[in-house]
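# Structural overview
Here is how the chains run, residue by residue.
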Amino acid sequence: MESEVCCFSGHRDIPAGERVGLERLLDKYIEELSQCGVKRFLCGGALGFDTMAARAVLRAREKEGGIALLLAIPYRGVEKHRAEAERLEFEDILAQADSVHYIADTYDRDCMLRRNRYMVERSGMCIAYMTHNSGGTAYTVAQALKKGIEVINLAVEL
């Protein structure tokens, strides 16, 4: 059910001074949503906010059973283009995910946008970290609002 799923969308670059506060907000909202029946959390597997969100879901899952981390990855092998530490972190998150869906077998021009639409189509709400109105996060937030689902922008709470 869509109402039981929350997706995440945010920028790759997060200022160092905002990381601790953003992590706390993610933990807080995931806990609150879980108490309201949202148990499945859908992340896109990108660097930055997506990685922080996935880690927050995994922390919440350790504390409370029934929480699931769902990953929507734009294409197989996306991690091959990352630095070693980022690749290892991605592989660790991938190994702990409850489900993984690959949008495409190989990279193509719009696999990222298709991944973003896939997440919105399957979600009843969206938690975002959006500081500017351009790029993939802005597109995903616009799609969520067009669908009529609630969007919580953590950037305005920092």
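Up top is the structure.
None of these values were measured; they are calculated from a predicted model.

Parameters at a glance
Residues numbered from 1 in each chain as written. Predicted model: local features only at pLDDT ≥ 70, side-chain atom pairs only at ≥ 80, totals over all residues. Heavy atoms only, no water. Axes fitted to C-alpha atoms, helices over the stretch in contact; angles between N-to-C directions. Helix = DSSP H or I, 4+ residues; strand = E, 2+ residues; numbered from the N terminus. Parallel < 35°, antiparallel > 145°, perpendicular 65-115°, else oblique. Left-handed = near helix turned anticlockwise from the far one by under 90°. Contact = heavy atoms within 4.5 Å. Nonpolar A, V, L, I, M, F, W, Y, C, P; charged D, E, K, R; others polar. Expected span 1.5 Å × (residues − 1). Buried < 20%, exposed > 50% of the residue type's maximum accessible area, 1.4 Å probe, protein only. Arc of directions from axis to C-beta. Core = buried A, V, L, I, M, F, W, Y, C linked by side-chain atoms within 4.5 Å. Disulfide = S-S within 2.5 Å. Pairing = 2+ DSSP bridges. Right-handed = clockwise from strand over helix to strand, strands pointing away.

## Section: the packing of helix α2 (residues 49–63) against helix α3 (residues 84–96)
Two elements in contact, α2 and α3, have axes whose closest approach is 11 Å; the angle formed by their N-to-C orientations is 40°. Here α2 lies oblique to α3, going by the angle between them. Like other packed secondary-structure pairs, α2 and α3 cross with a definite hand, here left-handed. Between α2 and α3, the contacting residues are T51, A54, R55, L58 and R61 on the first element and E89, D92, I93 and Q96 on the second. Of the residues assigned to the contact of α2 with α3, the class counts are 3 nonpolar, 2 polar and 4 charged.

## Examining helix α5 (residues 136–147)
For α5, with 12 residues, the first-to-last C-alpha span of 16 Å sits near the 16 Å given by 1.5 Å per residue. By the burial criterion, the buried members of α5 are T137, A138, T140, V141 and A144. Taken down its axis, α5 places every buried residue within 165° of arc, on the same side. Downstream of α5 by a residue or two, G148 has a phi angle that is positive, lying close to 90°.

## Observations concerning the nonpolar core
Core analysis: the biggest nonpolar cluster contains 36 residues, and F8, L26, F41, F49, L69, I127 and L154 have the highest contact counts within it. At the level of secondary structure, the elements contributing two or more residues to this core comprise β1 (5–10), α1 (16–35), β2 (40–43), α2, β3 (68–75), α3 and β5 (125–129). Ranked by the residues each element gives to this core, the list is headed by α2, at 8 residues. In this view, F41 contacts C6, F8, I30, L33, V57, I67, A68, L69 and L70; residues no more than four positions away in its chain are not counted. If you look at the next biggest cluster of nonpolar residues, it comprises 13 residues, including L42, A68, A72 and A144.

## Here we look at the side chain of N116
If you trace the backbone, N116 turns up in helix α4 (residues 111–121). Assessed through its relative accessible area of 5%, N116 is described here as buried. Apart from residues lying up to four places away in sequence, N116 is in contact with G136, Y139 and T140.

## Some points on the state of the cysteines
With the rule as written, the count across this model stands at 0 disulfides. C7 carries a free sulfur, and the closest cysteine sulfur to it, the one in C126, is 3.9 Å from it. Residue classification places C126 among the buried positions, given a relative accessible area of 0%.

## Examining the pairing of β1
A regular strand places its side chains so that they alternate between the two faces of the sheet. Judged by how many residues are buried, β1 sits mostly within the fold: 6 of 6 residues are covered. Burial of the side chains of β1 extends over both faces: V5, C7 and S9 are buried on one face and C6, F8 and G10 on the other. As judged from the 3 bridges shared by β1 and β2, these two strands associate in the parallel manner. By the bridge assignment, V5 is partnered in β2 with R40. The β-α-β motif built from β1, the intervening α1 and the parallel element β2 has right-handed crossover chirality. Judged from the 5 bridges that link them, β1 and β5 form a sheet pairing that is parallel. When the bridges of β5 are listed, F8 appears paired with I127.

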